[in-house]
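Listed below are the residues making up each chain.
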Amino acid sequence: VPATLTSSELFSTTTQPQPQPQPPPADAPGPWAVASRLCVTPGQGCGHQGQDEGPLPAPSPPPAMSSSRKDHLGASSSEPLPVIIVGNGPSGICLSYLLSGYTPYMKPDAVHPHPLLQRKLTEAPGVSILDQDLDYLSEGLEGRSQSPVALLFDALLRPDTDFGGNMKSVLTWKHRKEHAIPHVVLGRNLPGGAWHSIEGSMVTLSQGQWMGLPDLEVKDWMQKKRRGLRNSRATAGDIAHYYRDYVVKKGLGHNFVSGAVVTAVEWGTPDPSSCGAQDSSPLFQVSGFLTRNQAQQPFSLWARNVVLATGTFDSPARLGIPGEALPFIHHELSALEAATRVGAVTPASDPVLIIGAGLSAADAVLYARHYNIPVIHAFRRAVDDPGLVFNQLPKMLYPEYHKVHQMMREQSILSPSPYEGYRSLPRHQLLCFKEDCQAVFQDLEGVEKVFGVSLVLVLIGSHPDLSFLPGAGADFAVDPDQPLSAKRNPIDVDPFTYQSTRQEGLYAMGPLAGDNFVRFVQGGALAVASSLLRKETRKPP
């Protein structure tokens, strides 16, 4: 008989942020009020489904538990959860807020500057945004996102921000317990996700006000913390703290499980006569393990809906060249930070080789320059390529990135050094790495060049890690024949529900669905919450 964790045991495995989370409101349903079982499952939890093992079998419905195994909220744990959210970054946090019963309404006296949207909003006074037709409301909106619902929610939260205005949100928030849907949010890190893995002093690309979540502006939070924005932007450390604090202040902590690694998501249509089967909708089984005291505790959860909100920072992109697995080759900026702290890399060392022409590579250059560490910066594009992100950023807002771009343009290995300790290798192809800490390049003329280095950072982007899905999620992409990519080939979702076009009950949001900025991922949360609320309304008693 497999050992079974109670809900209280599950949540004791998480490391909650300081200060300790406040208890949830009395009327807030815990995720285990209609709880799925959490159990050790022999043969599951830590392995991945093989790529050639054929289709996954439909999971059997969870067996009923004895009356002695009722959870602490008094509900039988044989019932599947309505929703499991995989990922606890900004997308998952925002969705948890909406699913906890916090409901947006148009302020009675507010006037939106977009006349068409204002007219539509006045047609349904007193009706929550979640209960309105998102397709109709978002029609005609334009902006910096391809998602109509993302543009809608952003326009409601920040009405004139793209025109340089500071107009307050036209929304007011009410807590409606009848709108709350029990759910659980699984994440590897503390709430905030990958933001806790970014070097804290790094400044965000987006303006600080665009990093905020509903009903708690970043600038107001920072004022209370006696912190300030830097050129209208915040540090990554402040934003990570803000997201963690948001979960505490909004009373969402009881929905979050940190240290949870999902290794498999399976589904099938249960037998209508089985326990937990209320209709012919699919039933999902989410398996993985919890990290507790350096030990791994396997788990298995059941749910009627699964939301993928894992972001894209799980799997750094690789060059795929000989020697990339050598120990001095790294794919994260944190490796340079660690080497600097322990003195493994110093101003007297051989240069650090930084590969890439995006913002992560620029951050690494800035970090190395701050500590006077010599740098060789190599990239395949020309410095004036319009596709380079530097050529798309306003100089006034991003002076440090434009400084790196200037260095890339003015300095090359063939010219006198205007920037001591920095060398630029534009339009160079990296051929291989050698065990004696050498990197071999080829330029446009086919000439090979060899450089001795102390450490290599390959910062050429990242891919989402959906290895817990059949086929690593490729079948759900817009083009199933191409690799899944947040920018070029995201998961194919309905634009007004964010439900997968290929699997009922499976949702994707944030970068997985093509929304790559925090200000726009919240629209995905609005679409998912609206869809799930409609499902709950239609569910038979």
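Structure report, in brief. (Residues numbered from 1 in each chain as written. Predicted model: local features only at pLDDT ≥ 70, side-chain atom pairs only at ≥ 80, totals over all residues. Heavy atoms only, no water.)

## Section: the overall build of the protein chain
Point 1. Helix and strand counts for the protein chain stand at 11 helices and 19 strands.
Point 2. Considering the protein chain as a whole, with its 541 residues, one finds that 54% of them fall into the buried category.
Point 3. For the protein chain, restricting intrachain contacts to residue pairs at least 6 apart in sequence, the fraction spanning at least 24 positions comes to 71%.
Point 4. Per element, the accessible surface of the protein chain, about 24,200 Å² overall, is 51% carbon and sulfur. (Helix = DSSP H or I, 4+ residues; strand = E, 2+ residues; numbered from the N terminus. Buried < 20%, exposed > 50% of the residue type's maximum accessible area, 1.4 Å probe, protein only. Contact = heavy atoms within 4.5 Å. Areas by Shrake-Rupley, 256 points an atom, 1.4 Å probe, with all protein chains shown as cover.)

## Things to note about the pairing of strand S7 (residues 283–292)
On a regular strand, each side chain points to the face opposite its neighbour's, so the side chains alternate between the two faces of the sheet.
Point 1. Where burial is concerned, most of S7 is hidden: eight out of the 10 residues are buried.
Point 2. Bridge count between strand S6 (residues 260–268) and S7: eight bridges; the pairing is antiparallel. What sits directly across from Gly268, in S7, is Leu283.
Point 3. Across nine bridges, the pairing between S7 and strand S8 (residues 295–308) is antiparallel. Bridge pairing in S8 places Arg292 opposite Ala295.
Point 4. Linkage of S7 to S8, two consecutive antiparallel strands, is achieved through a turn of two residues, within which Asn293 is found at a positive phi near 50°. (Pairing = 2+ DSSP bridges.)

## Regarding the environment of Asp492
Point 1. As for its position among the elements, Asp492 is in the loop between strand S18 (462–463) and strand S19 (506–508).
Point 2. With residues up to four places along the chain from it excluded, the contact list for Asp492 reads Phe476, Ala477, Val478, Gln499, Ser500, Thr501 and Arg502.
Point 3. Looking at Asp492, its side chain comes within polar contact range of the side chain of Thr501, at 3.1 Å. (Polar contact = N/O pair within 3.5 Å; in protein donor to acceptor, adjacent residues only side chain to side chain.)

## Details of the pattern of salt bridges
Point 1. One pass over the structure, following the stated rule, counts nine salt bridges.
Point 2. Across the pair Arg158 and Asp154 runs a salt bridge whose closest N-O atoms are separated by 2.9 Å. For the pair formed by Arg158 and Asp154, the shared burial category is buried.
Point 3. Taking the shortest distance from any N to any O, the salt bridge between Glu178 and Arg176 comes out at 2.8 Å.
Point 4. If you follow the salt bridges from partner to partner, you end up with Asp131, Arg176 and Glu178 in one network. (Salt bridge = Lys/Arg side-chain N within 4 Å of Asp/Glu carboxyl O.)

## Re the side chain of Thr103
Point 1. Relative to the helices and strands, Thr103 is located in strand S2 (residues 102–106).
Point 2. Its relative accessible area of 0% is what places Thr103 among the buried residues.
Point 3. In this structure the side chain of Thr103 is engaged in a polar contact, spanning 3.1 Å, whose partner is the side chain of His179.
Point 4. Not counting residues within four places of it along the chain, the set of residues in contact with Thr103 comprises Ser128, Leu130, Thr172, Trp173, Lys174, Arg176 and His179.

## Overview of the environment of Pro347
Point 1. Residue placement: Pro347 occurs in the loop between helix H8 (333–341) and strand S11 (352–355).
Point 2. By relative accessible area, which is 53% here, Pro347 ends up exposed.
Point 3. In the structure, Pro347 is positioned 24 residues away from Tyr371 in sequence and 7.4 Å away in space, judged by C-alpha atoms.

## Some thoughts on the sheet that holds strand S13 (residues 422–426)
Point 1. Read from one edge of the open sheet, five strands run S10-S17-S11-S12-S13, paired in parallel fashion. Two strands bound the open sheet, and with one partner strand each, they are strand S10 (329–330) and S13.
Point 2. Two elements, S10 and strand S17 (residues 455–458), share two bridges in a ladder whose sense is parallel. In the sheet register, Ile329 faces S17, and the bridge partner there is Val456.
Point 3. Each of strand S12 (375–379) and S13 touches helix H10 (residues 399–410); the most contacted strand, S13, lies at about 70° to it. (Axes fitted to C-alpha atoms, helices over the stretch in contact; angles between N-to-C directions.)

## A word on the packing of aromatic side chains
Point 1. Within this structure, the stated rule accounts for 11 aromatic pairs.
Point 2. Here the aromatic rings of Tyr97 and Tyr102 are separated by 4.5 Å at their centres, their planes lie at 5°, and the arrangement is stacked.
Point 3. With 6.4 Å between their ring centres and 65° between their planes, Phe153 and Trp173 make a pair best called edge-to-face. Note that Phe153 is positioned in helix H5 (residues 148–157) and Trp173 in strand S3 (residues 171–175), a separation of 20 residues in sequence.
Point 4. Assessed through its relative accessible area of 15%, Trp173 is described here as buried.
Point 5. Put simply, the rings of Tyr97, Tyr102, Phe153, Trp173, Tyr242, Tyr243 and Tyr246 touch in pairs and so form one group of aromatic residues.
Point 6. The ring of Tyr105 carries Lys174 above its face, with NZ or CZ at 4.6 Å from the centroid. (Phe/Tyr/Trp six-rings, centres within 6.5 Å; stacked < 30°, edge-to-face > 60°. Lys NZ or Arg CZ within 6 Å of the ring centre and 35° of its normal.)

## Focus: the nonpolar core
Inside soluble globular proteins, nonpolar side chains tend to come together where they are buried.
Point 1. Grouped together as the largest cluster of nonpolar side chains are 85 residues, with contacts concentrated most on Ile84, Leu95, Leu186, Val286, Leu308 and Ile491.
Point 2. At nine residues, the largest contribution of residues to this core is made by helix H11 (residues 518–538).
Point 3. Judged by nonpolar contacts, the second largest core, of 32 residues, contains Val365, Ala368, Ile373 and Val404. (Core = buried A, V, L, I, M, F, W, Y, C linked by side-chain atoms within 4.5 Å.)

## Things to note about the side chain of Ser96
Point 1. Structurally, Ser96 is set in helix H2 (residues 90–99).
Point 2. You can call Ser96 buried: its relative accessible area is 0%.
Point 3. Setting aside its immediate chain neighbours within four residues, Ser96 contacts Ile85, His183, Val185, Leu252, Asn255 and Phe256.

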